Amino acid sequence: MKRAKTYTIVDNYFKLDMRLKKLEDLMIPNELVTNEGDGSSFLMPLKKCRSSYSKIELANLFYVLMDEGILYFDSNDAKKNRTSFQEFIIENFTYHDNEDGQKTIRTISRQFSECKGYTYKMKQIKFLDQFIVLMQERKRRLESW
């Protein structure tokens, strides 16, 4: 009876050890980022592009580029194209949250829906106005070189 209990304990230990190694493997490509506001730390994948935009602003930017056909994954299937864009943003970008930190994007479908809906037309117009001002300023800087 004691052998069975010992075997079970050792077996459970090795299972736990394997799980910990798998977790460590997942953590290796990440970096520890300290939030300057409150000093807390969190893990953020190194390969994600950080954005100074909020989640809705980031959605607006990519939605406009997608909707105007500037960028696309599948020009023949609008639904597949939109899904691919959402997955691309989730996998590759973080957004600027209200607490002055970067957050990973878990889902962005609601923000994409807001970009499409007429209810949020004024939000989109405001975003585009700000983006146009930014691009005009860049154009002025380039012209003055």
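Before reading further, recall that the structure is shown in the block above.
The rules behind these values
Residues numbered from 1 in each chain as written. Predicted model: local features only at pLDDT ≥ 70, side-chain atom pairs only at ≥ 80, totals over all residues. Heavy atoms only, no water. Core = buried A, V, L, I, M, F, W, Y, C linked by side-chain atoms within 4.5 Å. Buried < 20%, exposed > 50% of the residue type's maximum accessible area, 1.4 Å probe, protein only. Helix = DSSP H or I, 4+ residues; strand = E, 2+ residues; numbered from the N terminus. Contact = heavy atoms within 4.5 Å. Phe/Tyr/Trp six-rings, centres within 6.5 Å; stacked < 30°, edge-to-face > 60°.

**Some points on the nonpolar core**
By size, the foremost hydrophobic cluster in this structure holds 16 residues, and its most contacted members are Leu 58, Phe 62, Ile 89, Phe 93, Ile 105, Ile 108 and Phe 112. Listed by contribution, the elements that provide at least two residues to this core are helix H2 (55-67), helix H3 (78-92) and helix H4 (109-116). For this core, the element with the highest residue contribution is H2, accounting for 6 residues. Those residues in contact with Leu 58 that lie beyond four places of it in its chain are Ser 51, Tyr 53, Ile 89, Phe 93, Thr 94 and Ile 105.

**Some words on the packing of aromatic side chains**
Summed over all chains, the structure comprises 9 aromatic pairs. Between Phe 62 and Phe 88, the ring centres sit 6.2 Å apart and the planes meet at 70°, which makes this aromatic pair edge-to-face. Residue Phe 62 is located in helix H2, and its partner Phe 88 is located in helix H3; the two are separated by 26 residues in the primary sequence. The exposure class of Phe 62 is buried, given its relative accessible area of 8%. What makes Phe 88 partly exposed here is its relative accessible area of 30%. Members of the aromatic cluster, connected to one another through ring pairs, are Phe 62, Phe 73, Phe 85, Phe 88 and Phe 93.

**Points about the environment of Ile 108**
Topologically, Ile 108 is positioned in the loop between strand S4 (102-104) and H4. Separated by 52 residues in the primary sequence, Ile 108 and Ile 56 place their C-alpha atoms 8.3 Å from one another.

**Topic: the environment of Ile 105**
Note on placement: Ile 105 falls in the loop between S4 and H4. Classification of Ile 105 as buried rests on a relative accessible area of 3%. C-alpha separation for the pair Ile 105 and Thr 94, spaced 11 residues apart in sequence, amounts to 5.9 Å. Ile 105 has contacts with Lys 55, Leu 58, Ile 89, Ile 90, Phe 93, Thr 94 and Tyr 95, leaving out every residue within four places of it along the chain.

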